[in-house]
Amino acid sequence: MIRLARAGDLPRVLEIYAAARSFMRANGNPRQWKDGYPSREVLEADIAAEKLYVGEEDGVPFGVFFLSEGPDLTYSRIDGEGWRSEAPYGVIHRIASDGTRKGFLHSAVTFAKERFSRLRIDTHKDNLPMQNALAKEGFSHRGTIYLANGDPRLAYDLLGMEKVLVIGCPGGGKSTFARALRDKTGLPLYCLDMIWHNADRTTVTREEFDARLAEILQEPRFLIDGNYNRTLETRLAACDTVFLLDLPVEVCLAGVESRIGKKREDMPWIEEEFDPEFRDWIINFGKDNLPYIYECLQNARGKRVVIFHSREEAHRFLETL
């Protein structure tokens, strides 16, 4: 559970920061948070301003972080690529755990994303564990900012869902999820099957498909539903968020069976039968397509990647929006 820190938490919070400083020193990062930073006075001010939060289990705090609405003067100057957006954002500072629980950064970022659509954070160049963790959370390294004393820090931002891909085996519910996500976010939805297929069951040329896709990827906001692995790397380079529905093959087969004979928003015709070749393609999706998809996702640095292994997981995610 994450909650606002209280004055009575201060002794435990100081212990958490002491443990974090020891971890840093033991892992090649002796210069960050030196001289006992953050001080008791800084933390007392954070608590009084109701900007310090703790993660706790069984009533005992094990993690702590500062969260506030921007603008943050520290981020007014940045060397490098620069911030991707100047829209309102939240700021995470001074995040630490005592090392007894895994995944506290993920919990804190999830908590922050429920309150802010965009986030900024910074860390020391020697803090490699934090840099790796931020990349896994979908943060993008934007350059270098400078503290009040002139010390440099690596700066990161995380944007809200503005350029989104939904991929996965047919029949798993990716198009249903994409439509629900569109309705929740207002993102314009583009179904790749509708671009590739004509109503007479012919297809456009690769050149025509690629040209239309290129137009979509230039849009400031998009939600693209479809696999088409030939263009996956191009789409990954342009997006900020990817949803993969990796469901059991029997669920996918049943999903296709259930839509036979029904008009669909994501196809220009009505499927009247379950094509045997299409059935085999779904059965072999796990060995023929998923390895490549996972390889691409692993190489997609700075992207937010969300993987669902059941429709229930996807539904629960939508309920959080």
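Anything mentioned here points back to the structure above.
Residues numbered from 1 in each chain as written. Predicted model: local features only at pLDDT ≥ 70, side-chain atom pairs only at ≥ 80, totals over all residues. Heavy atoms only, no water.

Novice: How would you explain the sheet that holds strand β7 (residues 152-158) if you had to name every residue and give the values?
Specialist: Adjacent strands of a sheet pair through backbone hydrogen bonds, lying either parallel or antiparallel. Ordered in space as β1-β2-β3-β4-β5-β7-β6, the seven strands form an open sheet in which the pairing is mixed. Edge positions in the open sheet fall to β1 (2-4) and β6 (140-146), since each of these has one partner strand only. Taken pair by pair, the neighbouring strands of this sheet meet at an average axis angle of 35°, ignoring direction. The pairing of strand β5 (residues 119-123) with β7 spans five bridges and is antiparallel. Paired with Arg120 across the strands is Asp157, a residue of β7. Sheet strands touched by helix α1 (residues 10-26): β2 (52-57), β3 (60-69) and β4 (90-97). Its angle to β3, the strand with the most contacts, is close to 90°. Strand contacts of helix α4 (residues 128-136): β4, β5 and β7, with the helix running at about 160° to β5, the strand carrying the most contacts. (Pairing = 2+ DSSP bridges. Helix = DSSP H or I, 4+ residues; strand = E, 2+ residues; numbered from the N terminus. Axes fitted to C-alpha atoms, helices over the stretch in contact; angles between N-to-C directions. Contact = heavy atoms within 4.5 Å.)

Novice: Account for unusual backbone geometry, naming residues and giving values.
Specialist: Here Tyr37 and Pro38 are connected by a cis peptide whose omega angle stands at -5°. Within the secondary structure, Pro38 sits in the loop between α1 and α2 (40-48). At the junction of Gly70 and Pro71, the peptide bond is cis and its omega measures out at 5° in the coordinates. With respect to the secondary-structure elements, Pro71 resides in the loop between β3 and β4. Backbone geometry at Arg94 places phi at a positive 50°, although glycine is not the residue there. Here Arg94 shows up in strand β4. For Arg94, a relative accessible area of 14% corresponds to the buried category. Despite not being glycine, Tyr228 shows a phi value in the positive range, around 45°. Residue placement: Tyr228 occurs in the loop between β10 (222-225) and α8 (232-238). (Buried < 20%, exposed > 50% of the residue type's maximum accessible area, 1.4 Å probe, protein only.)

Novice: Describe the pattern of salt bridges, listing the residues and the values that go with them.
Specialist: For the structure on display, the rule yields 24 salt bridges. The partner of Asp9 in a salt bridge is Arg3, with the nearest N and O atoms 2.9 Å apart. Between Asp79 and Arg77 there is a salt bridge, and its shortest N-O distance comes to 3.1 Å. With a relative accessible area of 32%, Asp79 lands in the partly exposed category. In the salt-bridge network here, residues are joined through shared partners; they are Arg179, Arg259, Arg264, Asp266 and Glu271. (Salt bridge = Lys/Arg side-chain N within 4 Å of Asp/Glu carboxyl O.)

Novice: Can you lay out the environment of Val256 for me, pointing to particular residues and giving the numbers?
Specialist: Relative to the helices and strands, Val256 resides in helix α9 (residues 249-259). Here the alpha-carbon distance between Val256 and Arg12, two residues 244 residues apart in the chain, equals 54 Å. Setting aside anything within four residues of it in sequence, one finds Val256 in contact with Pro170, Gly171, Phe274, Phe278 and Ile282.

Novice: So, the packing of aromatic side chains: which residues are in play, and what are the values?
Specialist: Overall, the coordinates contain 20 aromatic pairs when judged by the stated rule. With 5.4 Å between their ring centres and 75° between their planes, Tyr17 and Trp33 make a pair best called edge-to-face. In this pair, Tyr17 is assigned in helix α1 and Trp33 in the loop between α1 and α2, connecting sequence segments 16 residues apart. Assessed through its relative accessible area of 1%, Tyr17 is described here as buried. Taking relative accessible area as the criterion, Trp33 reaches 11% and is therefore assigned buried. Ring geometry for Phe308 against Phe317: centres 5.8 Å apart, planes inclined by 55°, an arrangement best described as tilted. Here Phe308 and Phe317 have matching classes, each one buried. In textbook terms, an aromatic cluster arises when at least three aromatic residues are bridged by ring pairs, as seen for Tyr53, Phe62, Phe65, Phe104 and Phe111. Positioned above the aromatic ring of Phe66 is the side chain of Arg94, whose terminal nitrogen or guanidinium carbon lies 4.7 Å from the ring centre. Across the ring face of Trp83, the terminal group of Arg120 is positioned such that the distance to the ring centre comes to 4.1 Å. (Phe/Tyr/Trp six-rings, centres within 6.5 Å; stacked < 30°, edge-to-face > 60°. Lys NZ or Arg CZ within 6 Å of the ring centre and 35° of its normal.)

Novice: Let's hear about the side chain of Glu137: which residues, and what values?
Specialist: Residue placement: Glu137 occurs in the loop between α4 and β6. It turns out Glu137 is buried and unbridged, and the closest side chain with the opposite charge, Lys113, is 5.1 Å from it. If we ignore the near neighbours within four places in the chain, the residues touching Glu137 are Leu105, His106, Val109, Leu158 and Arg304. (Lys, Arg positive; Asp, Glu negative; His and termini not counted.)

Novice: Please set out helix α3 (residues 104-113) residue by residue, giving values where relevant.
Specialist: One turn of an α-helix holds 3.6 residues; hence residues three or four places apart share an orientation. Within the span of α3, buried status applies to Phe104, Leu105, Ala108, Val109, Phe111 and Ala112. Projected onto a plane normal to the axis of α3, the buried residues spread over an arc of 160° and lie on a single side. (Arc of directions from axis to C-beta.)

Novice: Which residues make up the packing of α1 against α2, and what values do they have?
Specialist: Angle between the axes and distance between the axes: these two values describe a pair of packed helices. Viewed as axis vectors pointing N to C, α1 and α2 meet at an angle of 125°, and their least axial separation amounts to 11 Å. Put simply, α1 runs oblique to α2. Along this stretch, α1 crosses α2, giving a crossing that reads as right-handed. The residues of α2 that touch α1, namely those facing Leu10, Val13, Leu14 and Tyr17, are Arg40, Leu43, Glu44 and Ile47. Among the residues forming the contact of α1 with α2, the class breakdown is six nonpolar, no polar and two charged. (Parallel < 35°, antiparallel > 145°, perpendicular 65-115°, else oblique. Left-handed = near helix turned anticlockwise from the far one by under 90°. Nonpolar A, V, L, I, M, F, W, Y, C, P; charged D, E, K, R; others polar.)

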